[in-house]
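Structure at a glance
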Amino acid sequence: MGLLNSLTVAGISRELDVCALRHEAYSANIANANVQGYERLEVVKSSATDAVGAGAAGKVISTHESVRLDQELAKLSKNALRYETLLTAYQQTAGILDLAIKDGRGGA
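Residues numbered from 1 in each chain as written. Predicted model: local features only at pLDDT ≥ 70, side-chain atom pairs only at ≥ 80, totals over all residues. Heavy atoms only, no water.

**Observations regarding the side chain of arginine 22**
Put simply, the rule is: For helices the rule is a DSSP run of H or I covering at least 4 residues; for strands it is a run of E covering at least 2, with both sets numbered from the N terminus onward. Three exposure classes are used, based on accessible area relative to the maximum for each residue type with a 1.4 Å probe and protein chains only: buried under 20%, partly exposed in between, and exposed over 50%. A residue counts as positive if it is Lys or Arg and as negative if it is Asp or Glu; His and the chain ends are not included. Throughout this description, the term salt bridge denotes a Lys or Arg side-chain nitrogen within 4 Å of a carboxyl oxygen of Asp or Glu. Only heavy atoms enter the contact rule, under which two residues are in contact if any of them lie within 4.5 Å.
Assignment of secondary structure puts arginine 22 in helix α1 (residues 2-31). Buried charge arginine 22 goes without a salt bridge, the closest partner of opposite sign being glutamate 42 at 4.6 Å. The contacts of arginine 22, once residues within four sequence positions are left out, are Val43, Asn79 and Arg82.

See the structure below:
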């Protein structure tokens, strides 16, 4: 069970990192939506990133497309919801691990 929880925490943590990176890219796209020649940014995950124990969460690339503000706002909202969901899962997993460390006892 310890290995499974460790992998779960690592996976959730990595996905939180990807969400944070996406948030930065979407925010930059929104901020630069009216800048002539600006190309929208997107976060991609390589197949190595999907593997357990992989390093970087992802990387930001230019899509060579212009920004559509409505789509960027929708993506930002969806990403924020995903981040909140992952954060809740992370907190619940950490709570289970804390309980296991305390051997099921409620106190310290």
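**Points about the pattern of salt bridges**
All chains considered together, the criterion is met by seven salt bridges. Between arginine 82 and glutamate 15 there is a salt bridge; the shortest N-O distance is 2.9 Å. Of the two residues, arginine 82 sits in helix α3 (residues 69-101) while glutamate 15 sits in helix α1, which places them 67 residues apart along the sequence. The exposure class assigned to arginine 82 is partly exposed, which follows from its relative accessible area of 38%. With its nearest N and O atoms 3.5 Å apart, the salt bridge here joins arginine 68 to aspartate 70.

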